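Tertiary structure, described
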Amino acid sequence: MTTADERIEHRQNQFHTWGVYGLLAVSALLSVAAHELMTSPAEWYAAGALVVAAVLLQLWHGPRRGRRTPSTRGTVYYVLRWAISFALTWMNPFFGFYASTGYFDSDELIPGRRRQWLGLFATVVVVAGSQSGGMPLRGPVQWLLFAVLLVTNYGLLTVVGHITQQEEQRSRERAVTITELERTNAALQQALDENAALHAQLLVQAREAGVADERRRLAAEIHDTIAQGLTGIIAQLQVVANAPDLAVARTHLERASDLARHSLGEARRSVHNLAPVALTDVGLPEALKKTVAEWGERTGARAEFTVTGTAEQLHEEVAATLLRIVQEALSNTARHAAADRVGVTLTFLGDEVILDIRDDGRGFDPLAVPLRTRSGGFGLDGMRARAERVAGALTVESEPGHGTAVSARVPLVRHD
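Anyway, here's the lowdown on the structure attached to this text.

Reading the values: the criteria
- Residues numbered from 1 in each chain as written.
- Predicted model: local features only at pLDDT ≥ 70, side-chain atom pairs only at ≥ 80, totals over all residues.
- Heavy atoms only, no water.
- Pairing = 2+ DSSP bridges.
- Helix = DSSP H or I, 4+ residues; strand = E, 2+ residues; numbered from the N terminus.
- Axes fitted to C-alpha atoms, helices over the stretch in contact; angles between N-to-C directions.
- Parallel < 35°, antiparallel > 145°, perpendicular 65-115°, else oblique.
- Left-handed = near helix turned anticlockwise from the far one by under 90°.
- Contact = heavy atoms within 4.5 Å.
- Nonpolar A, V, L, I, M, F, W, Y, C, P; charged D, E, K, R; others polar.
- Buried < 20%, exposed > 50% of the residue type's maximum accessible area, 1.4 Å probe, protein only.
- Phe/Tyr/Trp six-rings, centres within 6.5 Å; stacked < 30°, edge-to-face > 60°.

1. Here's the deal with the pairing of strand β1 (residues 302-308)
Pairing of β1 with strand β2 (residues 341-348), which is carried by 7 bridges, proceeds in the parallel orientation. In the strand pairing of β2, Arg302 is matched with Arg341.

2. Notes on the packing of helix α9 (residues 284-299) against helix α10 (residues 316-337)
Packing of α9 against α10 leaves a shortest axis separation of 10 Å and a crossing angle of 15°. As far as their axial angle goes, α10 and α9 are roughly parallel. Like other packed secondary-structure pairs, α9 and α10 cross with a definite hand, here right-handed. Together, Leu284, Ala287, Leu288, Thr291, Val292, Trp295 and Thr299 of α9 and Ala319, Leu322, Leu323, Val326, Gln327, Leu330, Ser331, Thr333 and Ala334 of α10 make up the contact between the two elements. Looking at the contact of α9 with α10 residue by residue, the classes come out as 11 nonpolar, 5 polar and no charged.

3. Some details on the side chain of Gln58
Of note, Gln58 is situated in helix α2 (residues 41-61). On the accessibility criterion, Gln58 (5% relative accessible area) is buried. When near neighbours in sequence (up to four residues on either side) are disregarded, Gln58 contacts His16, Thr17, Val20, Tyr21 and Tyr77.

4. Considering the packing of aromatic side chains
Think of a pair of aromatic rings as described by two things: how far the centres are apart, and how the planes are tilted against each other in angle. Counted according to the given criterion, the structure contains 7 aromatic pairs. Relative to Phe86, the ring of Trp82 lies with its centre 5.4 Å away and its plane at 25°, an arrangement referred to as stacked. With Trp82 and Phe86 both in helix α3 (residues 72-91) and 4 residues apart, the pair spans about one turn of that helix. The partly exposed category is assigned to Phe86, whose relative accessible area is 26%. Centroid distance Trp117 to Tyr154: 6.1 Å. Interplanar angle 70°. Geometry classified as edge-to-face. Separated by 37 residues along the polypeptide, Trp117 in helix α6 (residues 113-131) and Tyr154 in helix α7 (residues 139-241) bring together distant segments of the chain. With relative accessibility at 24%, the residue Tyr154 sits in the partly exposed group. The structure contains a cluster of three or more aromatic residues connected by ring pairs, namely Trp82, Phe86 and Trp90.

5. Some points on the sheet that holds strand β4 (residues 393-398)
The 5 strands lie next to each other as β1-β2-β3-β5-β4, forming an open sheet whose pairing is mixed. Each of the sheet's edge strands pairs with one partner strand only, and the pair in question is β1 and β4. On average, each strand axis in the sheet is tilted by 10° relative to the strand beside it, whichever way the strands run. With 8 bridges joining them, strand β3 (residues 352-359) and strand β5 (residues 404-411) adopt antiparallel strand pairing. Opposite Leu355, over in β5, you have Ala408 as the bridge partner. Against the sheet, α9 engages β1, β2 and β3, with an angle of about 170° to β1. Here α10 sits on the sheet and contacts β2, β3, β4 and β5; the angle it forms with β3, its principal contact strand, is near 10°.

Put into structure tokens, the structure is as follows:
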């Protein structure tokens, strides 16, 4: 209950508690002022006794502390108060003010809707008799006036009661609606809390998945580059140890040196892939152009890079993903394709970016690629995983003897 509701409830309690005393006092004072309406001392004694009885009855009923529940005790109190008011009004019509207290609390005292309206009708009879000049009624004019006042008062009471009933119904409906809204808000807040917890859990899982994916990529890089390079170096050195002459030994030493330099370059490239510094000061097109050119110089193959569409500054994660896919594809080409010509195309299509890497190497059968093992390669799976991580897709088209085409398609997410 709000503070405003508490104030309203407090005022209602005060009115129901002290209003009866106030109306009884007003009725008594007006009756004393109009003393000529009670001519005999017996009437004065009787009226005084009834006033004292009314006060005692009110003390017995007690103050109102919140809305009462209709009960037998409340019905007895209502009937006794009506009887006292009827007797007092019979002696002096000014006690009709006291009789009107029956309008205010019949719904809190009398159980049953029909009984409540019966109690109200009895109160209307007393009030109408008071308004028509007092009881007993004398002459047809007073009876006609009483009838008109009775119908008018009861009609007004019925209209007010109907309006009050509608307001109470609306209040109950509003209370039910507010309760439902509070329940819905509580459920919504619980769902939001659960969603936040789930979101945090998904972030942790995504972070762990990213770490695991990067570990797998590094494992593949080490296995396919550094480990193979070191194996080749060992093999060359073993040949040198058993070489029949100096010329043969020098040839194999040169090959071992080339393998060592190549392995060093691959190691640097792997570290480079952890944090693509090539994107620090330039955009993706410039970084790809430089990467393709350096790869061509290193391998001796003809490498070309092309940009189509209107180039835009991409989100750093998207740019890093495309750069790493190109580096992975070029590395695979250098290791396996024996290609003479490689073309890399970056296409901007407004809402997506397409990256194509084509070579004229020996090609392979994509369906015949063995499943990834602890000793196998990670190239195609790694590129596909990177593309899917940014809501993209990667396709591979190849045929033995007819080269390979790798295409990555990702959403165009602009730089923040």
